[in-house]
Every structure is written in structure tokens, then in C-alpha cells.
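These are the residues of each chain, in order.
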There are 2 protein chains.
Amino acid sequence: MTNPLPPGATIGILGGGQLGRMLSVAAARLGFQTHIFEPGANPPAGEVARHVTTASYDDAEALKTFAEQVDVITYEFENIPTSALDILEAHRPIRPGREALRVSQDRLTEKQFLQSLGLKTAPFAAIDTLDELEEAVATIGAPAILKTRRFGYDGKGQARIKSSEDIAQAFADMAGAPSILEGFVDFSHEVSVIAARGLTGDVACYDPGENVHRDGILHTTTVPAKLSAGQRMDAVLLAARILNELQYVGVMGVELFVTSQGLIVNEIAPRVHNSGHWTQNGCAVDQFEQHIRAVVGWPLGDGQRHNDVVMENLIGDDINHVPQILRESNNALHLYGKNDVKPGRKMGHVNRIQKSAS
Amino acid sequence: MTNPLPPGATIGILGGGQLGRMLSVAAARLGFQTHIFEPGANPPAGEVARHVTTASYDDAEALKTFAEQVDVITYEFENIPTSALDILEAHRPIRPGREALRVSQDRLTEKQFLQSLGLKTAPFAAIDTLDELEEAVATIGAPAILKTRRFGYDGKGQARIKSSEDIAQAFADMAGAPSILEGFVDFSHEVSVIAARGLTGDVACYDPGENVHRDGILHTTTVPAKLSAGQRMDAVLLAARILNELQYVGVMGVELFVTSQGLIVNEIAPRVHNSGHWTQNGCAVDQFEQHIRAVVGWPLGDGQRHNDVVMENLIGDDINHVPQILRESNNALHLYGKNDVKPGRKMGHVNRIQKSAS
């Protein structure tokens, strides 16, 4: 299927969290129906979707039935088991495609892929043994950070190594999982590019946003980011190179460190990205709609920014700020429908419109 | 219940069309669940709602069960049978309240109410007999328009009287329904104010939009409207007077004719309004969220406009413009998920962002 899907078609979404929820709303806005596949009960996305399948990624029958009921499959997270993807792909196209998932599911593969494109990354080394870790710390230097190659997000599955004294504990923290040591990058700030590539190969990028993290989780994204015109151009060209090389279809988040030696790629995420939430109140076509347009084969929006925005995540107890946020002017609140407040849990976000972009 | 509802509460919405659909999405964005009550199968709102009840407004048991499952009840259209409202109101608060429905369900009552506030309306007369119609045309003059007092919308239930020769046919067209003759108003253009009043009595208005109709149906709304500063102020004060008098809770659409003798109230609609769709891409808090905020007792947004917008309805075959709309920059497309295209049927709308408002 390479023809555009007509309105009324059904988009299958793997994952029922807030990204799936906002994808589902964007799909509805374009006249599509959505079907969420999610192991957990009462997923946030289920409240705004036409159909929900509650089943495990091990459930071959449920996966097959789901695939047969939808016209195209996309996802809100990259750590989908390969066995599930094999079953799904036998029935319907998965967009973004398998190559993007293969590359981004493994931090080592991802770094090697980026290097193969001539892009700069942090220094890194594959770590399977304590000996390898000791050797790598000696080469790359400390501070450095040890991460599991797979299944890490929001700072989970990571251990900092400030000096050689931390090596043994860091290695133990990985619990035997294949890992990667990443060297320290001396950066002034982090930005991300939300880039999209359509089914016909057209690429569109939003203006880069500047990210600030707190406790290893994204706290704010500010648009426009502090970047020179040249850096802005570099960021967009670099993102386009990644998407084109992967023959990517959909929205990707590309995190970049800004350094005196240029832009260094931190990581890529083959999906809509938290640092792109500002587009909901900054652009005519937000990242969620852009992703849907790509996966159904429709023309992309051009990424034009109409408003300057500061996006702020509401994490855990930040939800208590809601009454104040509602009272302030120019705030667009987005809550995810999660009832249980837990530390580190993303409960919602607020887009603070700063002024009109000219 | 006069306390604000917490996120996670359920909002019952009477009517499952596009207005209910966009209300449902706005409610979800604030963390609420929605439950749609709609007689027709597969309502557009059902695709983005948690629960749907498919039942008639005659079905007392279904109404009672629906009311018991929600925390507050609102609606997307004003022509809800009184008997249904009686059943619902015995269980849960209905917002906006009964008085607004009583006034706006009957064109005669509405005109009398507006006059009682000292507001200007078109000349009018109640018509129950052919004799009354002949007398009224003699007094008010032609051209004039004969309308059923109840259940009219988008030009339905109306007959134009260009001269006394049209009287008999126009009267016959009403098929015995109690009617109202409305005189011609010499206006330069029509504007509407989307106004909101919260549970604590605070009022907020959006900038007036300028409406252009085609075949009796709204075609475009342009913001800002052509109005002097004084007219703008008049429009807002006038709308606030209506909402305050009704002790209204929610969003109301107030249509105004701009004339050399000042602003004349055309009609009011006790709900979100087609001429307020521009707020989705012009404001941090759109009319749908504003309505939800009001009915759950949350603080209102202040109506601040960030972008100038031209909203254009996609009616019937206008849906064929979608490919072109998608290719143009700065267009925000909103489709309603209706599969059957019929002449006069509202299929969607596009908000064309003109430039940033300063």
C-alpha cells in the first residue's frame, strides 16, 4: 500500500500512553479512526480512540486480529518486541519502518549508524564485561555514563561514572545487560529537531527547541532555541540526512548537543517526541498530525511556527500547579487523563505562548 | 454541586455531532472523560469519547442511566425535548441551565427576552394565522422572513416574503407550526461574539468574528472583524449582559448585525458555535475548552487572540478541496469523521492562519 489512505481509514497505534493519546486526537481531526494496542488496562489513549485492544505483545492471535482490523500501523514507543513486529508486518505496513526501529532500539547500533553518516556523537564503547568497562573508562575518560544498550528511557538503566571508583557499582547496576559507555560531551545546551518525512520522500522540520532536563527527565522546551542561523541550518540538514538514510516515514525526534565543535547527536527517537509538544500551540500542523499525515501518505505540513512557546512538563506533583496554570493568561494545558500521581510520571504539560512569532 | 470537578470526572454531552466531538476532545485535554448521548448510530463524537449511549430522547430509562453515570451534563444543540431535560435534571446539573434553553428554543421568546434587556432586534411579530401574517407584513413591511418559532437551524423552517404575493405560500410552508415574522434589517455585515460565563459569574469574550453565509449556512468567519473600537466594546458588553441576565454557565454564540443604528442582535445559541471554530488555532484556550472549563467550574481562559484566522466551513462537496488545503501552508484542517457526503452537510472546516496577531 503506497496510495494515500482516505479519511475513515483506521490507524493502528501500538502503545496507549500520552503520545498515543495525542496521536489519536490528531488522527480524528483528519477524519481517521484509531485502534490502540496496549497491554495495560485503561490506557490514556483509550479515552479518545474508537477501538482498544488490551493484550500482551506475546499474544500472537491478538496481534494478528489487531493488524487485520487496521489499515496501517504506527507506534508511540520504540521498544516493541521484534517477534510482535514480525507478526504485525505480515499483515499491514508498519510506519516508521523496521530499519528505524532496529537502529534506535539499541544505543550501540544507533551510535554506529550515526557515525556511518559522518555525524558526530559522544565517544562510546560497547561494554559486555567488567574488563571492557575498565578499559573503556581508561580510554574515554571520566566522567562518563554507562547505559544499557536497550530499553532505557527517561534516565532509567543508566549509571554515572565520576571516577574509576564507580566502575564496579555501575557495572553491577546493569545487571548483566549488554551496555554502552558514553563519554562526557562539553555542551552549552541541548536542542532537538522534530523532523518528518513523508511517504513520497519529502522532508519537513520544525524550528529546533531548546531542552532543559530535571532529574534526567525533560523539564522544558523553549522555541526558538538559542542557535545561530548556521547552527539552525546544520540541525535541519543533519536531521534530514538521518531520515533520508533510513527511508523514514513519520516524525522523528533528534536530540543534539550544541558545542563549540558543532552539533553532536545525542540520540534519536523514531516517534513523536516530548520536545515537540510545543507545536500543538505554535503551529497550524502539530507534530502529532504531521506524524499521522506521514503514515497515511498525505502531504506534510511545512513546519511554519506562528507562536513562540515554552513547553513545560508536569511531572508527578507538578500536577498541583494546575490551578495556578489555569489562572494565568496564554497557557494551553494538556493533561493525560492519568489518575495515579507518581514521582517521575508525566501527568501532562503546559504550552506557554510567549508572543506571536513574526 | 458548585465545587469544581476534578480531572477524571465524567462530562455527559447530549448530541454526538461535530460540536460534541470537539467538546469531547477538549474535555480529554483537561483530563476529563466524556459520555455521549445520541440517538443516531456511530456519532462523530463517539470516536473520541470514553462512553456512548445510543438511545432516543424518549427513552426515560436510558436518560436516567446516562445521568447517573456522569458528573455534569452539557449539550451541543439547543433543541433538546423538555421531557428529557426534566429527567436528566433530576439527577445531575445541566449546564448551561434550563433558562437559557427555554429562551433560545423559541425564536419569539428569545426576541422578547432580548428586548426586555433593552437590546435591539429586528422587528418581529408572532404568527399563528394567515390573518396575523397579512397584518404583520403590512406593519413590518416586505421583504421579511417567516420562521418557525422552534427547531429551525441553518436556514431550515424558513420562508422569504419578498412581496405580499408570497404570503400564502410562506404560511403554507410553516405547515401549521407557530411562527414568527422577522423584518428586514439593513446591515453592512454580521459578526458574532463567542462569550463565556463561569460558575462563579466571571465573563470572558473572544474577539468578535465576521461571518459570511452562503445558501443560508455559515461559510467563513474572519478574525478580527471589521469593527470600530466602540463597536467592539458594545458587542462584548451586550453579550455579557445576556449571559449575566441568564446566570449562564458555558459558552454562548451571539450573532449581531452591524448597522448604522448600532448593533442588532440576530440570534443567540446556548452552546459552542460554528463561528467560534477559529479559536482552535487563534487562542491558547479555544471555545470548546472554554465551555468545558465553565461547566466543570474551572477558571475561564481570558480569550486572548494570538493569531488572525479565517475559518472556512467545508460543506458537502467542499470536502473535495481537502487535497489542496493540505498542500497550502498555514492551514489547520478539522474533519468530522462523517463518511456520507450530502449537500449542505458540514463535513469539516479549515482554519487559515493569516498572520500572527500582535
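An unreviewed UniProt entry annotates chain A as N5-carboxyaminoimidazole ribonucleotide synthase of Shimia thalassica. Quoted verbatim from the Sequence similarities (unreviewed entry) field of the UniProt record, the comment on chain A reads "Belongs to the PurK/PurT family." Checking UniProt for chain A, the heading Catalytic activity (unreviewed entry) contains the comment "5-amino-1-(5-phospho-beta-D-ribosyl)imidazole + hydrogencarbonate + ATP = 5-carboxyamino-1-(5-phospho-D-ribosyl)imidazole + ADP + phosphate + 2 H(+)".

Side note on unusual backbone geometry
Residues A142(A) and P143(A) are joined by a peptide bond in cis, for which omega reads 0°. Relative to the elements of secondary structure, P143(A) occurs in the loop between α6 (130-140) and β6 (144-148). A cis geometry characterises the amide bond from R95(B) onward to P96(B), with omega recorded as -5°. Its location among the elements puts P96(B) in the loop between α3 (82-89) and α4 (98-104). The backbone of Q247(A) sits at a positive phi, close to 45°, despite the residue not being glycine. Mapped onto the elements of the fold, Q247(A) is located in the loop between α8 (229-245) and β13 (250-259).

Side note on the sheet that holds strand β3 (residues 51-54) of chain A
Residue and element names in this part refer to chain A. A sheet is described by the order of its strands in space; here 4 strands give the open sequence β3-β2-β1-β4, paired in parallel fashion. The sheet is open, and its two borders are formed by β3 and β4 (72-75), each paired with just one other strand. Taking the axes of each pair of neighbouring strands and ignoring which way they run, one obtains an average angle of 25° across the sheet. Pairing geometry for strand β2 (residues 33-38) and β3, over 4 bridges, is parallel. Paired with E38 across the strands is T54, a residue of β3. Packing against the sheet, helix α2 (residues 60-69) makes contact with β1 (10-14), β2, β3 and β4, and its axis sits at approximately 170° to β2.

Here we look at the interface of chain B and chain A
Counting from both sides, the interface comprises 41 residues of chain B and, opposite them, 41 residues of chain A. Interface area for chain B against chain A, summed over the two sides, is near 3,200 Å², with a carbon-plus-sulfur share of 53%. By the criterion of area lost to chain A, the three top residues of chain B are E47(B), H306(B) and L326(B), representing 18% of everything that side buries. If you look at where chain B meets chain A, you find 0 salt bridges. Where chain B packs against chain A, one counts 14 residue pairs in polar contact (both at pLDDT 80 or more). Among the secondary structure elements, those contributing two or more residues to the side of chain B that touches chain A are α1 (18-29), α9 (287-295), α10 (322-327), β16 (331-335) and β17 (346-356) of chain B. Examining the composition of the side of chain B that touches chain A, we find that 5 residues originate from one element, β16(B), more than from any other. Across the side of chain B that touches chain A, the residue classes tally to 18 nonpolar, 15 polar and 8 charged.

Quick word on the pairing of strand β11 (residues 209-214) of chain B
Side chains on a regular strand alternate between the two faces of the sheet. Residues and elements named next belong to chain B. With 3 bridges joining them, strand β9 (residues 189-197) and β11 adopt antiparallel strand pairing. In the sheet register, S192 faces β11, and the bridge partner there is G209. Where β11 lies against strand β12 (residues 217-223), 5 bridges are found, and the strand directions are antiparallel. Each residue of the ladder has a partner; that of R214, found in β12, is I217. Linking β11 to β12, which pair antiparallel, is a turn of 2 residues; within it D215 sits at a positive phi near 55°.

About the cut-offs
- Residues numbered from 1 in each chain as written.
- Chains lettered and ligands numbered in written order.
- Predicted model: local features only at pLDDT ≥ 70, side-chain atom pairs only at ≥ 80, totals over all residues.
- Heavy atoms only, no water.
- UniProt positions renumbered as here; feature names shortened; annotations may be inferred.
- Helix = DSSP H or I, 4+ residues; strand = E, 2+ residues; numbered from the N terminus.
- Pairing = 2+ DSSP bridges.
- Axes fitted to C-alpha atoms, helices over the stretch in contact; angles between N-to-C directions.
- Contact = heavy atoms within 4.5 Å.
- Buried area = accessible area lost by both parts, 1.4 Å probe.
- Salt bridge = Lys/Arg side-chain N within 4 Å of Asp/Glu carboxyl O.
- Polar contact = N/O pair within 3.5 Å; in protein donor to acceptor, adjacent residues only side chain to side chain.
- Nonpolar A, V, L, I, M, F, W, Y, C, P; charged D, E, K, R; others polar.

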